[in-house]
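# Close look at the chain arrangement
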Amino acid sequence: MSGGRVHCYLCPRHCHIGESQSGFCFIRVNQGGKLYSLGYASPAALQIDPIEKKPLNHFLPGTRVFSLGTAGCNMGCFFCQNWDISKSKSDQVHSTHIPPEDIVALAIRNSCPSIAFTYNEPTIWAEYVIDICHAAREAGIRTVMVTNGYVTREAFHDIYDNVDAANVDLKAFTEGFYGRVTLTHLQSVLDTLMWLKQETNVWFEITNLIIPTLNDDSNEIRHLADWILEHLGPDVPLHFTAFHPDFKLRDIPKTPPETLHEARRIALDAGLHYVYEGNILSGVADTFCPGCGQVLIRRSWHDVLQIALRDGACPSCGLKIPGRWNASRIDPPAIVKAEEKLGGEYDALNL
Ligand code: SF4
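Residues numbered from 1 in each chain as written. Predicted model: local features only at pLDDT ≥ 70, side-chain atom pairs only at ≥ 80, totals over all residues. Heavy atoms only, no water.

### Overview of the packing of aromatic side chains
Within the structure shown, the criterion is met by nine aromatic pairs. Seen in terms of ring centroids, Phe 177 and Tyr 178 are 6.4 Å apart; in terms of plane orientation they differ by 70°. Their pairing is edge-to-face. Across the pair, exposure class does not vary: Phe 177 and Tyr 178 are buried alike. These aromatic residues form a ring-pair network of at least three members: Tyr 40, Phe 117, Trp 125 and Tyr 128. The ring of Phe 24 is capped by Arg 13, whose NZ or CZ atom sits 3.6 Å from the centre of that ring. If you follow Arg 153 out to its NZ or CZ, it ends over the ring of Trp 195, 5.0 Å from the centre. (Phe/Tyr/Trp six-rings, centres within 6.5 Å; stacked < 30°, edge-to-face > 60°. Buried < 20%, exposed > 50% of the residue type's maximum accessible area, 1.4 Å probe, protein only. Lys NZ or Arg CZ within 6 Å of the ring centre and 35° of its normal.)

Now the structure itself:
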């Protein structure tokens, strides 16, 4: 652009970045009129999680997911629970250089059938995400975006044509909340959800974190559920999760369990088939058959206790349950090969 600025159109912020400056997300920088991604191959958080923690309840249940995130974020949520990395610049966090193919080898070595881009917003390190996806697909490993859904039309297919699953945070259902509390806009996130539904084969679920007084109004929850039903259909799983005071919202109390129970009741009454409660001990985490009510997957917190599905269907009434139910097996020779490739290089990570 004029004056040596560069235009980043990866997310709807459309940052115009001056020479030696970074965009809002901190990790995309203008150096000499070129746009560089400082997040590439530089994860600042690495962990092996249950897939239920993402949360995904209809995608490879009971498996472990190799999870990574970098510094920075394109939203400014006052309630961020990973603000130590999301609000940091890349030189303020401890990161490890790991090329895409080594991420895949680490996942295989740790018997994880999938890799999640999570903890901070993966859209802002899309080039690394896409390269990991390519390497993962060759190795039969699935990939997951855990995302705020704040991505442009121009970048959407570059990313989502390569991933297998997503959990999209729909943080509220009012523009006022999005503007004041996340410093972004609601409509872009709704657009992403519709593109996912209409234009991809990505399996996706939705999370709505309920914050007392800010987005817990029952009319708002009803509108959110109605919108999902009308635009995405009844089979997209919806997770209501509890807020814990953090970052800039330390004066608001935790979400009472009754609020989540009520939200779940509203969404089920609206016609959604799979509605879950998360981040509370008494939360409803089991999957029920919407046809006959049979418990299909029994969970305790993030643990899967029992899977009763038969070939992806209810064993009582035979109703097909939407999801991706079968993880590819990681054979011992593949693990040996991954170990040989990695040598001892990342042993200090203590995964
Ligand atoms: S990805 Fe980062 S630099 Fe690019 S538009 Fe979004 S916030 Fe700005």
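### Description of the site of the ligand
Neighbouring the ligand are 13 residues, the closest being Cys 8, Cys 11, Cys 15, Cys 25 and Arg 28. Among the cavities detected, the one that contains the ligand is the largest cavity. Residues belonging to the shell around the ligand are distributed by class as follows: eight nonpolar, three polar and two charged. (Near = heavy atom within 4 Å. 1 Å grid on protein atoms, 1.4 Å probe; cavity = no way out; pocket = protein on both sides within 12 Å on 5 of 7 lines; lining within 4 Å. Sits in = over half its atoms within 2 Å of the grid points. Nonpolar A, V, L, I, M, F, W, Y, C, P; charged D, E, K, R; others polar.)

### A word on empty space enclosed by the protein
This structure, assessed with the given rule, holds two cavities of 30 Å³ or more. Taken as a whole, the largest cavity holds about 90 Å³ of empty space. Looking at the largest cavity, it is lined by 14 residues, and the ones nearest its centre are Cys 8, Cys 11, Cys 15, Cys 25 and Arg 28. When its residues are assigned to classes, the lining of the largest cavity shows eight nonpolar, four polar and two charged. Each pocket or cavity is described by its volume, and for the second largest cavity that value is around 40 Å³. In terms of lining residues, the second largest cavity is bounded by Leu 38, Gly 39, Ser 42, Ala 44, Thr 70, Ala 71, Ser 90, Val 93 and Ser 95. (Points joined across faces, edges and corners; volume = space filled by probe spheres on them.)

### Examining the sheet that holds strand β8 (residues 142-147)
An order of β5-β6-β7-β8-β9-β10-β11-β12 is seen for the eight strands of this open sheet, with the pairing classed as mixed. Strand pairing shows two members of the sheet lacking a second neighbour, β5 (45-50) and β12 (275-278), which therefore form its edges. Within the sheet, the average angular offset between the axes of one strand and its neighbour, ignoring direction, is 20°. Where strand β6 (residues 64-69) meets strand β7 (residues 114-117), four bridges bridge the pair, whose relative direction is parallel. Each bridged residue has a counterpart across the sheet, and for Leu 68 the counterpart in β7 is Phe 117. Sheet strands touched by helix α2 (residues 100-109): β5, β6 and β7. Its angle to β6, the strand with the most contacts, is close to 150°. (Pairing = 2+ DSSP bridges. Helix = DSSP H or I, 4+ residues; strand = E, 2+ residues; numbered from the N terminus. Axes fitted to C-alpha atoms, helices over the stretch in contact; angles between N-to-C directions. Contact = heavy atoms within 4.5 Å.)

### Considerations on the layout of surface pockets
A volume near 1200 Å³ is recorded for the largest pocket. Looking at the lining of the largest pocket, the elements that each hand over two or more residues are β5, β8, β9 (165-169), β10 (203-210), β11 (238-242), β12 and β14 (295-300). Across the lining of the largest pocket, the residue classes tally to 17 nonpolar, 18 polar and ten charged.

### Side note on unusual backbone geometry
Most peptide bonds adopt trans geometry, and most residues besides glycine take a negative phi value. Of note, the bond from Lys 54 into Pro 55 is cis; its omega dihedral lies within 30 degrees of zero at -10°. Located in the positive-phi region is His 14, a residue other than glycine, with phi close to 45°. Mapped onto the elements, His 14 comes out in the loop between β1 (6-7) and β2 (16-17). By relative accessible area, His 14 is classed as partly exposed at 31%. Its identity as a non-glycine residue notwithstanding, Thr 213 has a phi of 75°, on the positive side.

### Thoughts on the packing of α2 against helix α3 (residues 126-139)
Axes are the key here: two packed helices are described by the angle between their axes and the distance separating the axes. At a closest axis distance of 8 Å, the pairing of α2 and α3 adopts a crossing angle of 50°. Between α2 and α3, the angle is such that the two are oblique. The way α2 lies across α3 gives a crossing that is right-handed. Of the residues in α3, those in contact with Pro 100, Glu 101, Ile 103, Val 104 and Ile 108 of α2 are Tyr 128, Asp 131, Ile 132, Ala 135, Ala 136 and Ala 139. A breakdown of the residues in the contact of α2 with α3 according to their chemical character gives nine nonpolar, no polar and two charged. (Parallel < 35°, antiparallel > 145°, perpendicular 65-115°, else oblique. Left-handed = near helix turned anticlockwise from the far one by under 90°.)

### Let's talk about the packing of helix α7 (residues 218-232) against helix α8 (residues 257-270)
Axis separation between α7 and α8 bottoms out at 9 Å; the angle between their running directions is 40°. Relative to α8, α7 is oriented oblique. Crossing handedness for the pair α7 and α8: right-handed. Counted together, Ser 218, Ile 221, Arg 222, Ala 225, Asp 226 and Leu 229 of α7 and Ala 263, Ile 266, Ala 267, Asp 269 and Ala 270 of α8 form the full contact between these two elements. Per-class residue counts for the contact of α7 with α8 are seven nonpolar, one polar and three charged.

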